[in-house]
Amino acid sequence: MNRTLLDRTRGMLNTAGLAKSFWAEAVKTTCYVINRSPSVAIDLKTPMEVWTGQPADYSRVHTFGSPVYVLYNEQERSKLDSKNPESVSSWAMLME
């Protein structure tokens, strides 16, 4: 499993064009994706489905490394700061 995680993490970082410093987020995302991907070993069910008894929810999936916008509270920014500075998503999906 470690080799699978490493291979997929490397691919995610390279595809997204992100630095190696994002490795922890990429590994966490890789685990999230693996647990929601069908597996031949369990009759093409997802590990999450076997664990919870419910099918995986893909409604919140986003591309790893895609642009996102951060919205700050009024107290965290001054009057002239951007209201939603652009950032890079380090998650392939929003965690539940």
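Under an unreviewed UniProt entry, the name given to the protein chain is Integrase catalytic domain-containing protein, and the source organism is Dorcoceras hygrometricum.

> Even after reading the chapter, I still don't get the pattern of salt bridges, so can you show me in this structure?
Opposite charge on two side chains permits them to pair, given that their charged atoms come into close proximity. Scanning the entire structure with this criterion turns up two salt bridges. D7 is the partner of R3 in a salt bridge, and the nearest nitrogen-oxygen pair spans 3.9 Å. Of this pair, R3 and D7 both sit in helix α1 (residues 2–16), four residues apart, which is roughly one turn of that helix. With a closest N to O distance of 3.2 Å, D7 and R10 form a salt bridge.

> Please explain unusual backbone geometry as it appears in this structure.
Although it is not a glycine, D43 adopts a positive phi angle of roughly 55°. One can find D43 in the loop between α2 (23–34) and α3 (47–52). Note on D43: relative accessible area 66%, which makes it exposed. In this structure, L44 takes a positive phi of about 55° despite not being glycine. Summarising the element assignment, L44 is placed in the loop between α2 and α3. The exposure class of L44 is exposed, given its relative accessible area of 62%.

> Mind showing me how you'd approach α1 here?
Each α-helix winds once per 3.6 residues, and so residues spaced three or four apart point in a common direction. Over its 15 residues, α1 runs 21 Å from end to end, which matches the ideal 21 Å to within 8%, given 1.5 Å per residue. If you follow the buried residues of α1, they end up packed against α2. Two residues or fewer after α1 comes G17, characterised by a positive phi angle close to 70°.

> Hey, could you run me through α2 in this one?
With 12 residues, α2 should cover 16 Å at 1.5 Å per step; its first-to-last C-alpha distance of 16 Å lies within 8% of that length. Every buried residue belonging to α2 is among A26, T29, T30, Y32 and I34, and all of these are buried. If you follow the buried residues of α2, they end up packed against α1 and α3.

The rules behind these values
Residues numbered from 1 in each chain as written. Predicted model: local features only at pLDDT ≥ 70, side-chain atom pairs only at ≥ 80, totals over all residues. Heavy atoms only, no water. Salt bridge = Lys/Arg side-chain N within 4 Å of Asp/Glu carboxyl O. Helix = DSSP H or I, 4+ residues; strand = E, 2+ residues; numbered from the N terminus. Buried < 20%, exposed > 50% of the residue type's maximum accessible area, 1.4 Å probe, protein only. Expected span 1.5 Å × (residues − 1). Contact = heavy atoms within 4.5 Å.

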